[in-house]
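One letter stands for each residue in the lines below.
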Amino acid sequence: MGGIHICVCSTFQINTNGFVAMAQPSAESTYLGKMPAGFGMIAALHGDLDTGDGVGKVYYRQDASPATLRQAAEQINRAFPEDDEPEHAVVVTWVDVASRQHHDHSRGDGLEKQLVIASAETTSYAILLYPRKGMQFASTAVGGSSQAMQAGFSKGLVNYLVFSTRQGPYYRITTERETSVRALAEETNSGKRGVWVYEIGTSPYFTSVAPGEVTDLPPDTGLESRVSEEATSKRYPGGGQQVTYSPYEPEEEVYRKEQPHQGPHHGGQFTVHTVQYQPQVVVVDDGDINVDVFSYNSETCANNRNKCSTFADCKDYASGYCCHCRPGYYGNGIQCVSEGKPQRMNGKVNGRVYVGNSPSPVEFNSNDLHSYVVANDGRAYVAISTIPARLGPSLQPLSALGGVIGWAFALEQPGYKNGFSIIGGEFTCQAEVTFLPAQEKLTIKQVFSGIDEHDHLVVSTTLEGRVPEVLRGSTVQIEPYSEIYQYSSNLITSSSTRDYTVSLDDGSAETRTYQWRQTITFQSCPNDEAARAVLPTQMLSVDQVFVMYDSNNELIRYAMSNKIGDVNGEVTSQENSCFTGRHGCDTNAVCRPEQGTQFTCQCAAGFTGDGRSCYDIDECREIPLACGEHSVCNNQPGTFRCECNDGYQFASDGHTCIVDRPVDHCAAGSHDCDITERAHCSYSGGSSYICSCLPGFQGHGRVCQDIDECQSARCHQKAVCYNTQGSFTCQCRPGYYGDGFYCSSEHTKSQCETHRDRLLGSTEYGPQPVPGQYVPTCDSQGAYEASQCHGSIGHCWCVDRNGLEIPGTRTGPGRGRPLCIEQGPTVHVYPLPPGTHLLFAQSGRIEFVPLEGYNMKKTEAKTVLHLPEKVIIGVAYDCVEKMVYWTDITSPSISKANLQGGGAIPVIRSDLESPEGIAIDHLGRTLFWTDSMKDRIEVASLDGTKRRVLIDTNLVNPRAIIVDPVNGNMYWADWNRDAPKIETSAMDGTNRRVLVKDDLGLPNGLTYDPQSSQLCWADAGTHMIECMNPAQGDRRKAMGAIQYPFGITSHGKNIYYTDWRRDAVIMVDRQAGTETDVFLPQKQTRLYGITTAYAQCPSGTHTHTPWRDTHTDTHYYGLLNYLSHTISIIMVKYRFNYHGQIPF
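How each quantity is defined
- Residues numbered from 1 in each chain as written.
- Predicted model: local features only at pLDDT ≥ 70, side-chain atom pairs only at ≥ 80, totals over all residues.
- Heavy atoms only, no water.
- UniProt positions renumbered as here; feature names shortened; annotations may be inferred.
- Helix = DSSP H or I, 4+ residues; strand = E, 2+ residues; numbered from the N terminus.
- Expected span 1.5 Å × (residues − 1).
- Buried < 20%, exposed > 50% of the residue type's maximum accessible area, 1.4 Å probe, protein only.
- Arc of directions from axis to C-beta.
- Core = buried A, V, L, I, M, F, W, Y, C linked by side-chain atoms within 4.5 Å.
- Contact = heavy atoms within 4.5 Å.
- Pairing = 2+ DSSP bridges.
- Axes fitted to C-alpha atoms, helices over the stretch in contact; angles between N-to-C directions.
- Salt bridge = Lys/Arg side-chain N within 4 Å of Asp/Glu carboxyl O.

The name recorded for the chain in an unreviewed UniProt entry is Nidogen 1, from Oncorhynchus mykiss. Under the Subcellular location (unreviewed entry) heading, UniProt states for the chain: "Secreted, Extracellular space, Extracellular matrix, Basement membrane".

Written as structure tokens, this is what we have:
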């Protein structure tokens, strides 16, 4: 599809209904409540709006003043850090505009929004601003019903073929839900709440709408209301393109509608004359909408004191409140830590990294990261586990993985602050590493989620991209470097160039370089002006960098010494030891500078001693009744923690223990997990629960961030990648054909397309049919449509896959099209919508039902694949390549198809008799299946190679099979009527054992939920669904009195199964044991296998494959011990003494 090209007209029109139009708008009935519209439009937020009462106003102006352009540049550069600054700007502001259905309103009840179009030399931008106070309503009346307002871009109708038109490309910011409208004031794509920035024109081609790159808000500090429940920036298959807009030169003017109707259409249009530049967007001025409304709310300490750290005080200001750490502690008031106390960090690392010229990436999930920082001298140590030898050596140059940790707790020079002192422990860091000279790029995203209950800082790290290869056995030495940090209210940027030397086994060495660009987003408190007095620029100095990859333990470790200070690196002639780290204070002490070079050592809070030697204070022993009744005091280094006794829980004050009345917070909705579109709440008994991010998101479950798959170049180089919430899509660029994962400039015509184009012929006016001649119609895949019609005589008939008429199917004029059976296989070319879906088999077809949260969106169910005369039994989904796999007992065969579009691809076609169950190992890239006639279980790679038999003894009727690649387990069911059983083994077939053999009938289906470690099965003999933890054997009934289940799958708290007698997909709440919904497909025939198609792969690392015998995980304490060993080695290398002093 081509880009959105809106013609450069001599005028464009501002409409009081909340948009600017590139052409004369059509009647209101044709566009209200709709997006896209039939004409070119930029919709800030359009609906049935009214300014006719003299209250609502519309302002617009051209503005090239330095102040406005600076303000626009700030918004643009925050969203697109590397883009140019604008030269021109146009501002359109809708103030206090009412909904026509709420015509009688007073000032302040209406809608406020602002659109700025800003132009640089080659690019245009649209900046949309939505203040919280201005979002008074989210829908307007359309056709007698209330419909959500719409925001986005539309090209309008475009010419199609010769004499017809069709809807052109468009881009939707909001959905049909009111929550997506309200989220405009709560979310962002620019790093600032309520501000949305889009690149809308790249001269001279204007190919696509590109949203801002800072899609995450700073982590929620508790001072702001929770983000709206819906992600708002969705892309649609027809959209995601770039827009050019008519240039114009407005004069500032106020427009009012004195009458309810003005002009030919409701909503007056105002003509604006043009100037010669591409318009773009800007920001607000003092007289219109105050940008400060996008920051904190203006509550007071009275009801928000508990949102501050235990070690902080709350202070009220004129515009709100702020938290401030008490003396002896540092941080942002929300997160405070004791001065001088060593800091520890824990987290997980996920990645998809290409090494050298390798065509396939190294993927890893949930690898452990642990870090230890000696805060009083700036030394930082980082260790990451389970990094395979194929990648480990090449990660050695990236000491930057620990760089932001070093910056957060760097040794502060006089008058300067480290990162934690300024922004606390909740922030997001995104860095791009460019290796020279080959320009390999790696993106590092680190989400810091604050301090957990163990006083450890929590961090989640994602690596995506390519690194140059460092050969195994090579060592890497990184030279000292400096990095400039520039600060603003909610954004920090830094950059540096780093040299490193690679020494090979043969004694040769090579010096290499990479460039580092980093953006840190966070939430500051804007109410205290003094708190903003941070030096605008600081320099981080890093030296004594140590890196090592341990291939035996698959561990990589980094160490470095960090200082933060003057950009010129200036020091005094007589430097105080507190600022050099050469002070000899205990690692649990703070160094206090005094006059000249004098200093004292003072033990950190929670420790006692002379500062040279500090010992932990056992508060539980020394402070009587440190904790209240019904509680236990647990001493910890530098602090203590109270825990309620069994049967009690903390009251709302967080201190008093009261009788525990078990509450299922997941079912009650009283949990603090992220919204259901991003996270899953798992009830774990009592009043406990576990939060975990859904596939496609990362974090600790309470805050989940979208994974931007487009950063890892997953699409073809001739395709555009569109990141969506929890997923992504690929689309070939104009002039190329394919599914986006592969694009080619050559388009091979199908039989139908060749037939059609031959009959159309070609004239100077384009393809023209011969009058009265039948011309076939082809579907989007180039196949003959199942029904064909002759327009001139009005006859219609069915055709086979070769386009030949099927006898007896012809209908005469006026009788409509006959009901024709599709000739397949045909796969929908449109990708699955973002999110998670159910895929199920129904005779010769595979259908999908989208899931919204855990509920089935039954009205949006569609057929994905149609294979007439086939009987599909099992279905499985590969979340990596977006492929569906199925077993067919008529061929018999195993095949696959890409859900982004394409035909059926055979995988296994020989030596099969009755393949039924099928499972995919997305980590090991393998395929498992059962054959109930050959009585065996087999495995092969996903292309059908490396096939081998795993189990072929003591099987009678094997059917269902599933795998748990994270833990290396395989499970299967044998419905042998004489002795049914459920078994398990390692994924290579070893360690086979029977899990369940008693009280079984016909165990047809199996599913495994990795979040809760629950194995569940559906039994058509006992008419029950049962579950158990395979490691514990705690079997329990999840649902009884069901009829004849066949396939089963799970997602979160729900189980979904197919039933032969009900011909339906049935949803069961596993925790409540109740049926909650039923989906009846349009075609009422027997349903077979069912599976869950995740938008993104579940997290985890592979622990076993059929071609690898063993793999030993490095667990938490082993890694901690290894980290301690790392520190010891580095101390020896740099001659650190016991107190951390560095002799020179």
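Alright, that's what it looks like, and here's the rest.
Helical geometry note: an α-helix holds 3.6 residues per turn, so side chains three or four residues apart project in the same direction. For helix H1 (residues 66–79), with 14 residues, the first-to-last C-alpha span of 20 Å sits near the 20 Å given by 1.5 Å per residue. The set of residues buried in H1 consists of Thr-68, Leu-69, Ala-72, Ala-73, Gln-75, Ile-76, Arg-78 and Ala-79.

Among the residues making up helix H8 (residues 751–760), those that are buried are Cys-752, Glu-753, Leu-759 and Leu-760. Each buried residue of H8 sits inside an arc of 135 degrees when the element is viewed along its axis, so together they form one side.

Our focus in this paragraph is the nonpolar core. Of all hydrophobic cores here, the largest spans 63 residues; its most connected members are Trp-407 and Tyr-558. Apart from the residues lying within four places of it in its own chain, the contact partners of Trp-407 are Asn-418, Gly-419, Ile-423, Phe-427, Tyr-485, Tyr-487, Ile-492, Ile-520, Leu-540 and Ile-564.

Now for the sheet that holds strand E67 (residues 958–964). The strand order across the open sheet formed by 4 strands is E67-E68-E69-E70, and the pairing between neighbours is antiparallel. Each end of this open sheet is capped by a strand with a single partner; those strands are E67 and strand E70 (993–996). With direction set aside, neighbouring strand axes in the sheet form an average angle of 30 degrees. Pairing of strand E69 (residues 981–986) with E70 involves 3 bridges; the strand directions are antiparallel. Bridging from a neighbouring strand, Ile-982 pairs with Val-996 of E70.

Side chains bearing opposite charge may pair, as long as their charged atoms lie close to each other. Tallying each qualifying case throughout the model produces 33 salt bridges. Between Glu-178 and Arg-182 there is a salt bridge, with its nearest N and O atoms 3.8 Å apart. With Glu-178 and Arg-182 both in helix H2 (residues 178–182) and 4 residues apart, the pair spans about one turn of that helix. The class for Glu-178 is partly exposed, based on a relative accessible area of 34%. According to the relative accessible area criterion, Arg-182 is partly exposed, its value standing at 40%. Across the pair Glu-186 and Arg-193 runs a salt bridge, and its minimum N-O distance is 3.8 Å. Judged by relative accessible area, Glu-186 falls into the buried class, the value being 14%. Residue classification places Arg-193 among the buried residues on the basis of a relative accessible area of 6%.

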